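Close look at the chain arrangement
Take a look at the letters that make up each chain.
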Amino acid sequence: MTLHASCAVAQYRCEPLAQAHRRLLQQFYRIHGSAMRPSGEAQLWVARKPQIIAGLSLAPVADGHWLTGLFVDPAHRGRGIARALVDAAQAHGQGPTWLFCAPDLQRFYEGMGFAAACALPEALNNRLQRYQRSKTLVALHRPGL
């Protein structure tokens, strides 16, 4: 399933990335100096123009998904690409989506319809507790589309 999205400046498309091409997303992150990396068990999604300009990982967890690795090429930020990519990925799956973010990114994600997670699946709750030993993170949730 390929979903198309457009913005005022240019055309781009949001689509799943085949596992066989995961190295392309790894290269995208590395080129931009991002510490992000594609999650092994996750479905990978990218926005293309035609080159990759954004990516994310969406891993199954409980009755929904855990979003990690959302990164947009700095030259393409501020155009709604992150939201279009998250919307496309979430529409393709079923159930809610959870993510962890630094407190300074909370408003960004709230603008995409995420809110503070009142409860987390046990696997994510355990992971959040481990992560919070070394950094401050906020758990967010967005219902399924």
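It should be noted that the structure appears before, not after, this text.
Residues numbered from 1 in each chain as written. Predicted model: local features only at pLDDT ≥ 70, side-chain atom pairs only at ≥ 80, totals over all residues. Heavy atoms only, no water.

A few words now on the packing of aromatic side chains. Summed over all chains, the structure comprises seven aromatic pairs. Both rings, one in Phe28 and one in Phe71, keep their centres 5.7 Å apart while their planes meet at 65°; by these two values the pair is edge-to-face. Taken as a pair, Phe28 in helix H1 (residues 22–31) and Phe71 in strand S5 (residues 64–72) lie far apart in primary sequence, 43 residues in all. By relative accessible area, Phe28 is classed as buried at 5%. Between the aromatic rings of Phe100 and Tyr131, the centroid separation amounts to 6.1 Å while the plane-to-plane angle is 85°, which identifies the pairing as edge-to-face. With Phe100 in strand S6 (residues 97–101) and Tyr131 in helix H4 (residues 122–131), this residue pair connects regions lying 31 residues apart in the sequence. Residue classification places Phe100 among the buried residues on the basis of a relative accessible area of 13%. (Phe/Tyr/Trp six-rings, centres within 6.5 Å; stacked < 30°, edge-to-face > 60°. Helix = DSSP H or I, 4+ residues; strand = E, 2+ residues; numbered from the N terminus. Buried < 20%, exposed > 50% of the residue type's maximum accessible area, 1.4 Å probe, protein only.)

With that out of the way, let us pick up the pairing of strand S4 (residues 52–61). With nine of 10 residues buried, S4 lies mostly within the body of the structure. Strand direction decides the pairing type here: strand S3 (residues 43–48) and S4, joined by six bridges, are antiparallel. Considered in S4, the bridge of Val46 is made with Gly55. As consecutive antiparallel partners, S3 and S4 are separated by three residues. Pairing between S4 and S5: seven bridges, direction antiparallel. Following the sheet pairing, Pro60 is matched in S5 by His65. (Pairing = 2+ DSSP bridges.)

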